[in-house]
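Residue-level structure breakdown
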Amino acid sequence: QLQSKVLILTICAAGIGGTFQYGYNISIINAPTSYIQAFMNETWLERTGVPLESNVILLLWSLTVSAYPLGGLTGALVAGPMAIMLGRKMSLLLNNVFVIIAAVLSGFSRMAKSFEMIMLSRFFTGVNAGVSMNIQPMYLAESAPKKLRGAVALTSASFTALGLVLGQVVGLRELLGREESWPFLLASNAVPALIQLTALPWFPESPRYLLIDRGDKESCISALRKLRGNSDLSAELEEMLAEQAAVKGQRAKNPWELFKNPALRWQVVSIVVLSSAMQLCGNDSMYFYAAYVFQEAGIPQDKIPYVVIGTGSCELITSVTCNMIIDYAGRRPLLLGGYIFMAGWAIIFMVALSQQTQISWMPYLSMACIFAYILSFGIGPAGVTGVLPTEVFDQMSRPAAYMICGSLLWFNLFLVGTAFPFIVKSLAHFCYVPFLVVCICTALYVVFFLPETKGKSFLEISEEFKKRNFKAQTRAGFYKGPEEIRSTVL
């Protein structure tokens, strides 16, 4: 089937230079931590003749690490205007410029004896990830047929997990994890960018963007033909034309317009809750704990990086599994199941940590909890959260919705990264209590307020939310009716 091949290749071309980079760039920075800190100290010593104090080195390293989410936040804010003005595909292609600049900066930083170049490089890498995390799921969900929309948009999460694992593998001592090769490790993110620049131009732009934003029906039909082959396009085209008619005369909205619009109240609340929960649920902090727990379980220090690859592989396996079942199971059960299981594992993990030194087999239970927590995150929240903004907003609101989602995602990533060491210090073994609260509250929100979007057209989903948004007004309307009638009788 040629059309399914074109769709699969489009997914791969968008993913390799898209969300793959987000996962890859999060994990490649871990292996050379000590080497880069030593390089900062040597550079400063050469410049001033005075070595840096350990707390200053730590501060410089924190700035280097936090430059990534700061860049991501910037990328998330420019992604909306880029998607509207340049189109989805062109934005993804242009986005590679940021990562190539970053690769050049980090690749030549040792030669130039400048650790500032590494900081700047991490900022540009963040911008690249911020843009792709917003535009890739939008591009893929708009290009996919209705019955596969969830699975196709969810591949963004699979590419993130694949990037995480490959970053961990490339950072091993046997590959690019040695002291002399860290500039090459940091510059290796140029390879996926070059692959995308070569492959993506051969594939079509989002048909929805071409028809609804550009009003170009011929290009839309040609893009659909490429993606669907010879199958009957009339029903899909009719649905798109209905959506085009529904948004006729409107322009693309700004994020603050979404907040002010009562017709979008529950959609905005839903993406705010779910995007925040995705970073505040403590999944990334599990990686922080992984090395310590594995060490306590008696795994030799030099073997820990290999076991950590197992944690990344867990996320990859579950996101691929989630891909296969999302359009059968639906969005709500996966989100709900993920957060309920995470809440359960958080409780067991805290008990295991508190008994780590008393009971000999507790470190193994902690290990099992880390894997189980990451698996629970991968099966639902990791992927479904990225799909929802595409499904619950119309074409004119979608880029702004992704800007809100992306900004929250990066801000909360920065918040958790900054606050988690202090949380561990003050709460010790019970450091997962804040994350437990987030998981329980999110699960309750999904149960009571989030409608199912599986197998529905964008217009049907909009109608469902419209009923919720105007429930209060319609009730008021019913009470007004009889009074007016009574007054006419009199």
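Small disclaimer: the values here were computed from a predicted structure and weren't measured.

**With respect to the overall build of the protein chain**
A count of helices and strands for the protein chain gives 23 helices and zero strands. Relative to the 2.2 N^0.38 estimate, which gives 23 Å for 490 residues, the radius of gyration of the protein chain is 24 Å and therefore close to what a compact globule would have. Overall size of the protein chain, expressed as C-alpha extent along the three principal axes, is 90 × 50 × 45 Å. The long-range fraction of contacts in the protein chain, counting pairs at least 24 apart against all pairs at least 6 apart in sequence, stands at 82%. Approximately 21300 Å² of the protein chain is accessible, and the part contributed by carbon and sulfur atoms is 70%. Positive and negative side-chain charges of the protein chain, numbering 37 and 31 respectively, have mean locations separated by a distance of 5 Å.

**Examining the environment of Phe-159**
Mapped onto the elements of the fold, Phe-159 is located in helix α7 (residues 149-170). When the C-alpha positions of Phe-159 and Gln-196 are compared, they lie 13 Å apart, and in sequence the two are 37 residues distant. Contact partners of Phe-159, with chain neighbours within four places excluded, come to Ile-11, Cys-12, Gly-15, Ile-16, Thr-19, Phe-20 and Gln-136.

**Considerations on the nonpolar core**
Among the nonpolar cores identified, the biggest contains 73 residues, and Trp-410 and Tyr-432 are the most heavily contacted of them. The element best represented in this core is helix α20 (residues 398-427), accounting for 11 residues. The residue makeup of this core includes at least three contributed by each of domain 1 (1-203) and domain 2 (253-471). Residues contacting Trp-410, with those up to four places away along its chain left out, are Tyr-22, Tyr-68, Pro-69, Gly-72, Leu-73, Ala-76, Gly-126, Ala-129, Gly-130 and Met-133. Counting 41 residues, the second largest nonpolar core, distinct from the first, contains Val-6, Ala-13, Leu-52 and Ala-83.

**Looking at the UniProt feature "transmembrane region" (unreviewed entry) in the protein chain**
According to UniProt, the "transmembrane region" (unreviewed entry) feature falls on residues 7-24, 56-80, 92-112, 151-170, 334-353, 365-388, 400-424 and 430-450. Secondary structure over residues 92-112 splits into 76% helix and 0% strand, and the C-alpha atoms at its two ends are 30 Å apart. Across residues 151-170, the secondary structure splits into 100% helix and 0% strand, with the terminal C-alpha atoms separated by 28 Å.

**Points about a nonpolar patch on the surface**
Taken together, the side chains of Met-85, Leu-86, Met-90, Leu-94, Val-97 and Ile-101 present a nonpolar region at the surface, about 520 Å² in accessible area. Here the nonpolar patch takes four residues from helix α5 (residues 88-107), the largest share from any one element. Relative to the elements of secondary structure, Leu-94 occurs in helix α5. Classification of Leu-94 by relative accessible area gives partly exposed; the value is 40%.

**So, the state of the cysteines**
According to the stated counting rule, one finds zero disulfides in the structure shown. Distance from the sulfur of Cys-314, which forms no disulfide, to the nearest cysteine sulfur (Cys-369) is 12 Å.

**Overview of helix α21 (residues 433-449)**
The end-to-end C-alpha distance of α21 is 24 Å, a good match for the 24 Å that 17 residues give at a rise of 1.5 Å each. Inspection of α21 places Phe-435, Leu-436, Val-438, Cys-439, Thr-442, Ala-443, Tyr-445 and Val-446 among the buried residues, and these make up the whole buried set.

**Some points on the pattern of salt bridges**
Enumeration over the complete set of coordinates arrives at 16 salt bridges. Between Arg-398 and Glu-243 there is a salt bridge whose closest N-O contact spans 3.9 Å. Within this pair, whereas Arg-398 is found in helix α20, its partner Glu-243 is found in helix α12 (residues 234-246), the two being separated by 155 residues in sequence. Both residues of the pair, Arg-398 and Glu-243, belong to the buried class. For the salt bridge of Asp-302 with Lys-303, the shortest nitrogen-to-oxygen distance reads 3.5 Å. Residue Lys-303 is classed as partly exposed on the basis of its relative accessible area, which comes to 43%. Put simply, Arg-88, Glu-142, Lys-146, Arg-208, Glu-239, Glu-243 and Arg-398 are held in one network by salt bridges that share partners.

**What about the domain arrangement of the protein chain?**
Many analyses report the size of an interface as the accessible area lost when the parts associate. What the domain assignment reports for the protein chain is domain 1 (1-203) and domain 2 (253-471). When each unit is reduced to the centre of its C-alpha atoms, the spacing between domain 1 and domain 2 is 21 Å. When the area that domain 1 buries against domain 2 is broken down by residue, the three leading residues are Arg-149, Leu-154 and Gln-168, summing to 18%. Applying the counting criterion to the domain 1 and domain 2 interface returns two salt bridges. The salt bridge partner of Glu-391 is Arg-149, with a shortest N-O separation of 2.9 Å.

**Notes on the side chain of Ser-156**
Structurally, Ser-156 can be placed in helix α7. Setting aside its immediate chain neighbours within four residues, Ser-156 contacts Thr-19, Gln-136, Pro-137 and Leu-140.

**A word on the confidence of the model for the protein chain**
Regions with low pLDDT should not have their predicted coordinates read in detail. Averaged over every residue, the pLDDT of the protein chain is 86; the share at 70 or more is 95%. Here residues 475-490 is modelled with pLDDT under 50, and outside its nearest four sequence neighbours on either side it reaches zero contacts, counting other chains as well.

**Description of the side chain of Ser-27**
Summarising the element assignment, Ser-27 is placed in helix α2 (residues 19-28). Residue classification places Ser-27 among the buried positions, given a relative accessible area of 5%. A polar side-chain atom of Ser-27 sits 3.0 Å from the main-chain carbonyl oxygen of Leu-164. Excluding residues that lie within four positions of it along the chain, Ser-27 makes contacts with Gly-163, Leu-164, Gly-167 and Gln-168.

The rules behind the values
- Residues numbered from 1 in each chain as written.
- Predicted model: local features only at pLDDT ≥ 70, side-chain atom pairs only at ≥ 80, totals over all residues.
- Heavy atoms only, no water.
- Helix = DSSP H or I, 4+ residues; strand = E, 2+ residues; numbered from the N terminus.
- Rg over C-alpha atoms; globule rule 2.2 N^0.38 Å.
- Contact = heavy atoms within 4.5 Å.
- Areas by Shrake-Rupley, 256 points an atom, 1.4 Å probe, with all protein chains shown as cover.
- Lys, Arg positive; Asp, Glu negative; His and termini not counted.
- Charge placed at Lys NZ, Arg CZ, Asp CG, Glu CD.
- Core = buried A, V, L, I, M, F, W, Y, C linked by side-chain atoms within 4.5 Å.
- Buried < 20%, exposed > 50% of the residue type's maximum accessible area, 1.4 Å probe, protein only.
- Domains from an automatic or database assignment.
- UniProt positions renumbered as here; feature names shortened; annotations may be inferred.
- Patch = residues over 30% accessible without salt bridge, like charges linked within 9 Å, V, L, I, M, F, W, Y side chains within 5 Å.
- Salt bridge = Lys/Arg side-chain N within 4 Å of Asp/Glu carboxyl O.
- Disulfide = S-S within 2.5 Å.
- Expected span 1.5 Å × (residues − 1).
- Buried area = accessible area lost by both parts, 1.4 Å probe.
- pLDDT = per-residue confidence, 0-100.
- Polar contact = N/O pair within 3.5 Å; in protein donor to acceptor, adjacent residues only side chain to side chain.

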